[in-house]
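Observations on chain architecture
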Amino acid sequence: MAIRQLSLTDFRNLKSTALDFDRRYNFISGDNGSGKTSLLEAIFVLCQAQSFRTHQLKQCINHDKSEFLLFGRFQGYKAGLARYRDKLEIRIDGKAIKRRSELVKKAPIKIVNAESFVLVDGAPANRRSFLDWCMFHVEPDYAEFWHQFQHALKQRNHILKSKRDLDLLDYWDRHLLEPSLELNRMRQRYSDRLQATVRDQFTEILNGVPLAIEYLQGWPRDKTLAQSLEDRRDRDIRAGFTGVGIHRDDLELTTQGRKVGEVLSRGQSKRVCLVLLMAVLQLVNNTNSDPVILLIDDLHSELDRDAQELVYRQLIQMDLQLFISNIELAVPSALEAKEFKMFHVEHGIIKPRNFS
Ligand SMILES: Nc1ncnc2c1ncn2[C@@H]1O[C@H](COP(=O)(O)OP(=O)(O)OP(=O)(O)O)[C@@H](O)[C@H]1O
Ligand SMILES: [Mg+2]
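The shown structure was predicted, so the numbers you read here are calculated from the model rather than taken from an experiment.

So, how was this worked out
Residues numbered from 1 in each chain as written. Chains lettered and ligands numbered in written order. Predicted model: local features only at pLDDT ≥ 70, side-chain atom pairs only at ≥ 80, totals over all residues. Helix = DSSP H or I, 4+ residues; strand = E, 2+ residues; numbered from the N terminus. Buried ≥ 20, exposed ≤ 12 C-beta atoms within 10 Å, placed from the backbone. Contact = placed C-beta atoms within 7 Å. Near = placed C-beta within 6 Å. Nonpolar A, V, L, I, M, F, W, Y, C, P; charged D, E, K, R; others polar. Expected span 1.5 Å × (residues − 1). Domains from an automatic or database assignment. Pairing = 2+ DSSP bridges. Axes fitted to C-alpha atoms, helices over the stretch in contact; angles between N-to-C directions. Core = buried A, V, L, I, M, F, W, Y, C linked by C-beta atoms within 7 Å. Parallel < 35°, antiparallel > 145°, perpendicular 65-115°, else oblique.

1. Quick look at the overall build of the protein
Of the regular secondary structure elements, the protein holds twelve helices and 15 strands. Along the first, second and third principal axes, the C-alpha set of the protein runs to 70 × 50 × 35 Å. Counting only residues that meet the buried cut, the protein has 36% of its 356 residues in that class. In the protein, the share of contacts with a sequence separation of at least 24, taken over all contacts with a separation of at least 6, comes to 71%.

2. With respect to the site of ligand 1
Neighbouring ligand 1 are 15 residues; Asn-13, Asn-32, Lys-36, Thr-37 and Ser-38 lie closest to it. Of the residues forming the shell around ligand 1, the biggest block, three residues, is contributed by helix α1 (residues 36-48). Of the residues assigned to the shell around ligand 1, the class counts are three nonpolar, ten polar and two charged.

3. A word on unusual backbone geometry
For residues that are not glycine, phi is negative in most cases, and the peptide bond is trans in most cases. Even without a glycine there, the phi angle at Ala-49 is positive, about 55°. Structurally, Ala-49 is set in the loop between α1 and β4 (67-74).

4. Some remarks on helix α6 (residues 169-201)
Helical geometry note: an α-helix holds 3.6 residues per turn, so side chains three or four residues apart project in the same direction. Between its first and last C-alpha, α6 extends 46 Å over 33 residues, near the 48 Å set by a 1.5 Å rise per residue. Within the sequence span of α6, burial applies to Trp-172, Leu-176, Pro-179, Ser-180, Leu-183, Asn-184, Met-186, Arg-187, Tyr-190, Leu-194, Thr-197 and Val-198. Tucked inside the fold, the buried residues of α6 contact α4 (124-138), α5 (142-162), α7 (203-206), β9 (212-216), α8 (225-231) and α11 (266-287).

5. Points about the domain arrangement of the protein
Examined at the domain level, the protein breaks down into domain 1 (1-108 + 290-356) and domain 2 (116-287). Between the C-alpha centres of domain 1 and domain 2 there is a distance of 29 Å. In this assembly, 14 residues from domain 1 lie in contact with 14 residues from domain 2. When residues of the side of domain 1 that touches domain 2 are traced back to their parent elements, those giving at least two are β12 (292-297) and α12 (305-315). For the side of domain 1 that touches domain 2, the leading source of residues is α12, giving four residues. Along the lines of polarity and charge, the residues of the side of domain 1 that touches domain 2 split into nine nonpolar, two polar and three charged.

6. Here we look at the environment of Ile-350
For Ile-350, the location among the structural elements is in strand β15 (residues 349-353). In this structure Ile-350 comes out as buried when scored by C-beta crowding, with 23 C-beta atoms within 10 Å. Separated by 332 residues in the primary sequence, Ile-350 and Ala-18 have C-alpha atoms spaced 9.2 Å apart. Not counting residues up to four positions away in its chain, the partners in contact with Ile-350 are Leu-14, Thr-17, Leu-19, Leu-39, Phe-343 and Val-345.

7. Overview of the sheet that holds strand β14 (residues 341-346)
Taken together, six strands build an open sheet; the order of strands is β8-β12-β13-β3-β14-β15 and the sheet is mixed. Looking at strand neighbours, the two that pair on one side only are β8 (109-112) and β15, the edges of this open sheet. Strand-to-strand twist in this sheet, taken as the mean axis angle between neighbours without regard to direction, amounts to 20°. Inspection of the sheet shows β14 paired to β15 by five bridges, in the antiparallel sense. Bridge pairing links Val-345 to Ile-350 in β15.

8. Some remarks on the sheet that holds strand β6 (residues 88-92)
Spatially, six strands are ordered β2-β1-β4-β5-β6-β7 in an open sheet, and the strand pairing comes out antiparallel. Strands with a single pairing partner mark the edges of an open sheet, and in this sheet they are β2 (17-20) and β7 (95-96). Taken together, the two bridges between β6 and β7 define a ladder with antiparallel strand orientation. Within the sheet, the bridge partner assigned to Arg-91 lies in β7 and is Ala-96. α1 contacts β1 (3-9), β4 and β5 (77-84) of the sheet and is inclined by roughly 105° relative to β1.

9. Remarks on the nonpolar core
Ranked by size, the top nonpolar core spans 87 residues in total, and within it Ala-42, Ile-43, Val-275 and Leu-295 carry the most contacts. Ranked by the residues each element gives to this core, the list is headed by α11, at eleven residues. Mapped onto the domain boundaries, this core takes at least three residues apiece from domain 1 (1-108 + 290-356) and domain 2 (116-287). Once residues lying within four places of it in the same chain are set aside, the contact partners of Leu-295 are Leu-40, Ile-43, Phe-44, Ile-109, Ile-111 and Phe-323.

10. Let's talk about the packing of α6 against α11
At a closest axis distance of 9 Å, the pairing of α6 and α11 adopts a crossing angle of 105°. One finds that α6 runs roughly perpendicular with respect to α11. Contacts between α6 and α11 pair Arg-193, Leu-194, Thr-197, Val-198 and Gln-201 from the former with Val-275, Leu-276, Ala-279, Val-280, Gln-282 and Leu-283 from the latter. Along the lines of polarity and charge, the residues of the contact of α6 with α11 split into seven nonpolar, three polar and one charged.

11. Here's the deal with the environment of Val-118
When you line up the elements, Val-118 lands in helix α3 (residues 118-121). Judged by local crowding, Val-118 falls into the partly exposed class, with 15 C-beta atoms found within 10 Å. Along the backbone, Val-118 and Glu-89 are 29 residues apart, and their C-alpha atoms lie at a distance of 31 Å.

Here it is in structure tokens:
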């Protein structure tokens, strides 16, 4: 869902302002420390009620103030978010909502920045949440299964840790199994779809590097999950947590049989990350009639010119609302002929710039 207007008050170093965005292309320029990432962060926070920079939203409150406010007009609804020192309020069309997921569901949003590249060489959790983001936005049942799974795992781990009520383990194993197997099948399916989308649409960016994506379940291949949970039970009791299950899944990324993170150059790994990202955006776009919002923070310092051009040429084929930050006031040549809006940030003051 595209964001058409944003008003912000006391968010990081940004001066209070109201901005109109283009439905497709928005560029943000400004010197180091001017507030470019903060503007992208404000958009992200309004869609997710979470930041990509901090786990504590109150860090986003301007140092001299006690709250920040964000208000946005999206296609089809309005969202407001207020973070006070001790509480958070979220409204959709003026009505307070209780579950964060109600907000998150409305506007799928992704950010590409220097940290995105942990997808290749970071911990498996990065790859799991990457795949799950896509499932959350495409599969209507995903959130419910995820909720059931989390609940059962938490209860099971609580018993394992406290070593009390061990006779309840059978009960929680049964409750853990059903959502786990549903999510396992979903992840398997999305991993295959990801591979197919990369192969069909994005190999050019990989510049001849073959990429294989394989879903690895978090328990031995030759056993069922039920069997694995049973076999490990004594060890789990000793360790105090559940050692097998979908919380141990991974996506294995290989090139000619070797792990991508171990053999590819830094630049090649970045291309792999971007290709994966574009493939999930494509999967979400395929089932959403409204554009996904994509924030790109300083891609220019991360990629060479060729890669940038290829990435932009692909991105304009997709129905995305782009926000691209860059120190220089330059529009990538792939986007030059398009209509766009440009904003320049100086010491927290955001000014729309007109081009004629
Ligand atoms: N809560 C806050 N209140 C006030 N200022 C803050 C707050 N948090 C961060 N800042 C300041 O806001 C300024 C803008 O930071 P931001 O990361 O948005 O800059 P940027 O334009 O993205 O810079 P760069 O080009 O270096 O990435 C920084 O000087 C930072 O110290
Ligand atoms: Mg920045």
